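Notes for the structure review
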Amino acid sequence: MEKPTKAIPLVYTVKEVSQTLQIGKTLVYRLIRSKKLRSIRVGNKYLVPRDALVDFLNRST
């Protein structure tokens, strides 16, 4: 029997982006404010779409 695979999320929280990129949350917020990292604001929470994170990484390399 196959092991179930973990689903890839459509959006990431600031904390998850921070952990993924191994940078501080403050820097993630700075990237969002400077529009270098696209995000969606839901209430007082920022969510980063998966494709925005991939785009950011592609531009950074």
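Scroll up for the structure.
As a starting point, this report considers the structure included with it. Nothing here was measured: the structure is a model prediction, and the numbers come from that model.

This paragraph deals with a nonpolar patch on the surface. A cluster of nonpolar residues, Leu10, Val11, Ile40 and Val42, forms a patch on the protein surface that exposes about 350 Å² of accessible area. With respect to the helices and strands, the residue valine 42 is situated in strand 2 (residues 40-42).

Turning next to the pattern of salt bridges. Under the counting rule described, the total for this entry stands at 2 salt bridges. The shortest N-O distance in the salt bridge between aspartate 51 and arginine 38 comes to 3.5 Å. Of this pair, aspartate 51 sits in helix 3 (residues 50-60) while arginine 38 sits in the loop between helix 2 (25-33) and strand 2, and the two are 13 residues apart along the sequence. For aspartate 55, the salt bridge identified is with arginine 38, shortest N-O distance 3.7 Å. Here arginine 38 lies in the loop between helix 2 and strand 2 and aspartate 55 lies in helix 3, a separation of 17 residues in the sequence. Residue aspartate 55 is classed as partly exposed on the basis of its relative accessible area of 35%. What makes arginine 38 partly exposed here is its relative accessible area of 43%.

Calculation notes
- Residues numbered from 1 in each chain as written.
- Predicted model: local features only at pLDDT ≥ 70, side-chain atom pairs only at ≥ 80, totals over all residues.
- Heavy atoms only, no water.
- Patch = residues over 30% accessible without salt bridge, like charges linked within 9 Å, V, L, I, M, F, W, Y side chains within 5 Å.
- Areas by Shrake-Rupley, 256 points an atom, 1.4 Å probe, with all protein chains shown as cover.
- Salt bridge = Lys/Arg side-chain N within 4 Å of Asp/Glu carboxyl O.
- Helix = DSSP H or I, 4+ residues; strand = E, 2+ residues; numbered from the N terminus.
- Buried < 20%, exposed > 50% of the residue type's maximum accessible area, 1.4 Å probe, protein only.

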